[in-house]
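Structural overview
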Amino acid sequence: MRIYLLPGIACDHRLFDRVNLRGLDVVKLDWPHFRERCGLVDIAKDLSLSVDATEAHVLVGVSMGGMVALELALITKPERVVLISTWTGPGEWPWFVRWSARVQAEVLINSLTMRLAFPARRLLGARDETTDRFLMAMALKAGPTQIRRATHAILRWKGSRWTGSMVRIHGDKDALMPLALVHADHVVPDGTHAMIYCQPEAVSAALRTALTT
């Protein structure tokens, strides 16, 4: 069974470089170009062109990738959706995300604010300087326009309509998406929002369990 991996916002396929899924048929996806004022449904439709829906498959999404995976699942009908560090809808948002949606805070995203937003990046969790530079490099490659449009899509999302098989992996130290607000099938101890890259061994183990049980 093929496994499609969807990265988070401001990331690309390199987010999964440390994940150990040896022996499995894995495809790491990159984001298409986001059109102005697009929604997650639109992004899922564009991304569906990269998924062979005629074969049995699983969708695995991290953060925004999980939200898109839930919309993509309605199109490609996977055997299962695995969510890592993500929401299933606005009902799981913390207060500061609700506030951001209300004031349309995404309009503030530009090249300057991306570089100045160091305190906000702390929401991803503690990490070494090399990892921090790597994550920032991916964000700069994506660019402020792509990130602004993706953020707009997330903050206008009504939530998941997927009713099929779903497994959720979440860290108990996720400051952006607090565990207290979400349901998790597998909890990663000390797992931060960036645990897919910072704690790959624990996430890989949980992901293998989610894919095989």
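Residues numbered from 1 in each chain as written. Predicted model: local features only at pLDDT ≥ 70, side-chain atom pairs only at ≥ 80, totals over all residues. Heavy atoms only, no water.

**With respect to the packing of helix α1 (residues 40–47) against helix α2 (residues 64–76)**
At a minimum axis separation of 8 Å, α1 and α2 run at an interaxial angle of 70 degrees. When the interaxial angle is binned, α1 and α2 end up roughly perpendicular. You can see that α1 and α2 cross each other, and the crossing is right-handed. Of the residues in α2, those touching α1 at L40, V41, I43, A44, K45 and L47 are M64, M67, V68, E71, L72 and I75. Here the residues of the contact of α1 with α2 are counted per class, giving 10 nonpolar, no polar and 2 charged. (Axes fitted to C-alpha atoms, helices over the stretch in contact; angles between N-to-C directions. Helix = DSSP H or I, 4+ residues; strand = E, 2+ residues; numbered from the N terminus. Parallel < 35°, antiparallel > 145°, perpendicular 65-115°, else oblique. Left-handed = near helix turned anticlockwise from the far one by under 90°. Contact = heavy atoms within 4.5 Å. Nonpolar A, V, L, I, M, F, W, Y, C, P; charged D, E, K, R; others polar.)

**A closer look at the packing of aromatic side chains**
One pass over the structure, following the stated rule, counts 4 aromatic pairs. An angle of 55 degrees between the planes, with centres 6.1 Å apart, marks the rings of W87 and W93 as tilted. Taking relative accessible area as the criterion, W93 reaches 8% and is therefore assigned buried. (Phe/Tyr/Trp six-rings, centres within 6.5 Å; stacked < 30°, edge-to-face > 60°. Buried < 20%, exposed > 50% of the residue type's maximum accessible area, 1.4 Å probe, protein only.)

**With respect to the environment of G143**
Mapped onto the secondary structure, G143 falls in the loop between α6 (129–142) and α7 (144–155). The spatial distance from the C-alpha of G143 to the C-alpha of M114 is 9.0 Å, given a sequence separation of 29 residues.

**Some details on the sheet that holds strand β4 (residues 80–84)**
Consider a sheet: its strands pair through backbone hydrogen bonds, and that pairing is either parallel or antiparallel. Strands sit in the order β2-β1-β3-β4-β5-β6 across an open sheet of 6 strands; the sheet is parallel. Edge positions in the sheet fall to β2 (25–28) and β6 (186–188), since each of these pairs with one other strand and no more. With direction set aside, neighbouring strand axes in the sheet form an average angle of 20 degrees. Relative to strand β3 (residues 57–62), strand β1 (residues 2–6) is paired through 5 bridges, and the arrangement is parallel. Across the sheet, the residue bridging to L5 is V60, located in β3. Those strands touched by α2 are β1, β3, β4 and β5 (166–171), and its axis lies near 155 degrees from that of β3. (Pairing = 2+ DSSP bridges.)

**Some thoughts on the pairing of β5**
Among the 6 residues that make up β5, 5 are buried, leaving the element largely enclosed by the rest of the structure. Bridge analysis of β4 against β5 gives 4 bridges, and the strand direction is parallel. Pairing of I84 across the sheet is with I169, part of β5. One ladder, built from 3 bridges, connects β5 with β6; its direction is parallel. Paired with H170 across the strands is V187, a residue of β6.

**Some thoughts on unusual backbone geometry**
The phi angle at A10 is positive, at roughly 65 degrees, despite the residue not being glycine. Tracing the sequence through the fold places A10 in the loop between β1 and β2. What makes A10 buried here is its relative accessible area of 18%. Positive phi is not limited to glycine here, since D190 has a value of about 60 degrees. For D190, the position within the fold is in the loop between β6 and α8 (195–198).

**Remarks on the pattern of salt bridges**
Using the criterion set out here, one finds 10 salt bridges in the structure. Across the salt bridge formed by D46 and R35, the nearest N and O atoms sit 2.7 Å from each other. Here D46 is found in helix α1, whereas its partner R35 is found in the loop between β2 and α1, with 11 residues between them in sequence. For D46, a relative accessible area of 25% puts it in the partly exposed group. Assessed through its relative accessible area of 40%, R35 is described here as partly exposed. Notably, a salt bridge pairs E71 with R161, separated by 2.8 Å at the nearest N-O pair. Of this pair, E71 sits in helix α2 while R161 sits in the loop between α7 and β5, and the two are 90 residues apart along the sequence. Among the residues examined, E71 registers a relative accessible area of 4% and is labelled buried. Residue R161 is classed as exposed on the basis of its relative accessible area, which comes to 53%. (Salt bridge = Lys/Arg side-chain N within 4 Å of Asp/Glu carboxyl O.)

Everything listed here is a matter of coordinates, which is why it stays silent on function.
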